[in-house]
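Listed below are the residues making up each chain.
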Amino acid sequence: MLRRYSTLHPKIQKLKEMLTTVTFSLLLNAFASVLSAAEVFRFSSYYGNHMVLQRAPAKAVVWGFGKNGAKVVLSLSGFQEEFSTTVINGIWRTTLKPVEASGRPYNLTASQNITNSSITLTDVLFGDIWLCSGQSNMAFTVGQVNNATEELALASEFPNVRIFQAALVQSGEELIDLAGVEVPWSLPTPELLGGKKFSHFSAVCWLFGRYLYKTLNYPIGLVHSSWGGTPVEAWSSPRALHKCGLENSVLHVQSYLEGAFVKWNSTVLWNAMIHPLLNMTITGAIWYQGEANANCNRDKYNCSFPVMIDDWRMAFHEGSGGQTPLDFPFGFVQLSTYRKNDSKDGFREIRWHQTADYGYAPNERMKNTFMAVAIDVPDDKSPYGSIHPEDKQDVAYRLVLGARAVAYGQNVSFQGPFPTHAVLEQNLTHILFHQGIVSATTNDRFFEICCSEDKTCESDNKWFSVDIVKHGSDDVYVSTNRCPYAYITAVRYLWTDWPCKFKACPIYSSDRLLPAPPFILAIGKQ
């Protein structure tokens, strides 16, 4: 983008030297659109009364629009120090000193000298900011969960968990500021949490923030930016797509809400609903998406999703002037279920690709991530279709366990059992897990053995269901289904769309809280 400008105005050149690449691109790309609005002195659209700014040790970035050349001074109630900056090309920006988290409300005032005007934001808290994004299971509101009345009634008990939501907007170009706000920074109310279905406010996001607040006991700011039926490509930048051999294109995506295929352009939600947030200092992000890619670039998802995480991390780090960590924690929900007795709808492959084909998170490819397994919480009675389970509490709870361990370094168990190796012992396959398990001997055939003369297992025709014969405190033995010894190649677990009834998969952690995720593993020989 910068190559279009062979000679830069001295003030723009100075600005470029001050800011990192993403931040400068963010400002310059919207230069023309900013000029008309620059005369209006204001904060950027995601600042407002009741907001949460990122707590110490990070520093909160504050920016807005004003008259070129004007001096803007920011002050925070209770602090003597002021922060001065100059409006360049219609934009002012500064970084506050670190402020510790507390329930104390502050006033944040910005003053512009040329117009002799000032704006004060009231009831501003400092805490942790979490971004929540994805498609319809993230957009699924608190008013849609299975005990909505009880959940909504709790809203007033958590005034220090504040909510903000971006409006649904698409753009063919990267926007500097949000084009619309669905929910400005607000204290939670039943009306805001239980609004129009799939509109506001996200149940997974709210429950995650509420559970996290009960652990941390300081303010949590939740920024919700999601859209139902969207593929990962819509949330990805062009540079991220390019790394996976994908280009800007029109995608035909199955809409589980509309029951038809709809068209989505790549990058349009990155441009309109993520790019404008990059200057924000955040703690981390949570993500619930993948259904739309079950039949759209499915085989690329093991690249496109991890690369999107990498790209968001880089962009938020640079956009915030280094205040958002380059490896900020990123949590995601592994897909739940959709259709019974269907192994060809793409869900089993997407679940695997969500982990970059490791089966667990974090891993070597996806460091500082955490995953909530949801395969054991199906819902065939959901009025919104089985693809939208009403139970979002378990998903949010499992995400919070991951956040506590990965983001906050707490000593809590957050992963279900995962196998370390599988070995053929006589006529049984012995599978050892990395932690204690609770299991059941069953002939429901959750396990399959690959019986292959040529040692390839791509075809489903080479996989045969087997039983759990016996189990111990950290291992299980499964039968080999009379497959010739030399042909036994691999074992896989929960490799269908809908393998279990509600919380009735065969293997859980020893405390019975976390299920083992789906996996595929080569079988060794003694």
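Quantities reported herein were computed from a predicted structural model and do not represent experimental measurements.

**Student:** Honestly, the side chain of S452 in this entry has me stumped. Any pointers?
**Tutor:** Relative to the helices and strands, S452 is located in the loop between β20 (447–451) and β21 (463–466). Side chain to side chain, S452 and D454 meet in a polar contact 2.7 Å long. In terms of polar contacts, S452 uses its side chain to reach the backbone carbonyl oxygen of T456, at 2.8 Å. Apart from the residues within four sequence positions on either side, S452 is in contact with K462, Y487 and T489.

**Student:** Explain empty space enclosed by the protein to me, please; I cannot follow it from the model alone.
**Tutor:** Think of a ball as big as a water molecule: rolled over the atoms, this probe shows where empty space is left. Under the defined criterion, the tally for this structure stands at three cavities of 30 Å³ or more. In this structure, the largest cavity occupies an estimated 120 Å³ of space. Lining the largest cavity are 13 residues, and of these M371, V373, F414, Q415 and G416 sit closest to its centre. Taken together, the residues that form the lining of the largest cavity break down as 10 nonpolar, two polar and one charged. Lining the lining of the largest cavity are residues from two domains, each supplying at least three of them: domain 2 (126–408) and domain 3 (419–525).

**Student:** I'm lost on the domain arrangement of the chain in this one. Help?
**Tutor:** Interface size is often expressed as the accessible area that is lost when the parts come together. For the chain, the assigned domains read domain 1 (42–123), domain 2 (126–408) and domain 3 (419–525). For domain 1 and domain 3, the distance between their C-alpha centres works out to 57 Å.

**Student:** Mind showing me how you'd approach the pattern of salt bridges here?
**Tutor:** Scanning the model with the defined rule gives 17 salt bridges in all. We note a salt bridge from D497 to R351, for which the minimum N-O separation is 3.9 Å. Separated by 146 residues along the polypeptide, D497 in the loop between β24 (488–493) and β25 (507–509) and R351 in helix α11 (residues 347–353) bring together distant segments of the chain. Given a relative accessible area of 1%, D497 falls into the buried group.

**Student:** What is the right way to read the packing of helix α7 (residues 203–216) against helix α12 (residues 393–406) from this model?
**Tutor:** If you want to describe how two helices pack, look at the angle between their axes and the distance between the axes. Between α7 and α12, the least distance of the axes is 8 Å, while the angle of their chain directions is 50°. One way to sum up the angle between α7 and α12 is to call them oblique. Remark: the crossing between α7 and α12 carries right-handed chirality. Listed contacts from α12 to V204, L207, F208, Y211, L212 and T215 of α7 are Q393, V395, A396, Y397, L399, V400, A403 and R404. When the residues that make up the contact of α7 with α12 are grouped by side-chain class, the tally is 11 nonpolar, two polar and one charged.

Conventions adopted
- Residues numbered from 1 in each chain as written.
- Predicted model: local features only at pLDDT ≥ 70, side-chain atom pairs only at ≥ 80, totals over all residues.
- Heavy atoms only, no water.
- Helix = DSSP H or I, 4+ residues; strand = E, 2+ residues; numbered from the N terminus.
- Polar contact = N/O pair within 3.5 Å; in protein donor to acceptor, adjacent residues only side chain to side chain.
- Contact = heavy atoms within 4.5 Å.
- 1 Å grid on protein atoms, 1.4 Å probe; cavity = no way out; pocket = protein on both sides within 12 Å on 5 of 7 lines; lining within 4 Å.
- Points joined across faces, edges and corners; volume = space filled by probe spheres on them.
- Nonpolar A, V, L, I, M, F, W, Y, C, P; charged D, E, K, R; others polar.
- Domains from an automatic or database assignment.
- Salt bridge = Lys/Arg side-chain N within 4 Å of Asp/Glu carboxyl O.
- Buried < 20%, exposed > 50% of the residue type's maximum accessible area, 1.4 Å probe, protein only.
- Axes fitted to C-alpha atoms, helices over the stretch in contact; angles between N-to-C directions.
- Parallel < 35°, antiparallel > 145°, perpendicular 65-115°, else oblique.
- Left-handed = near helix turned anticlockwise from the far one by under 90°.

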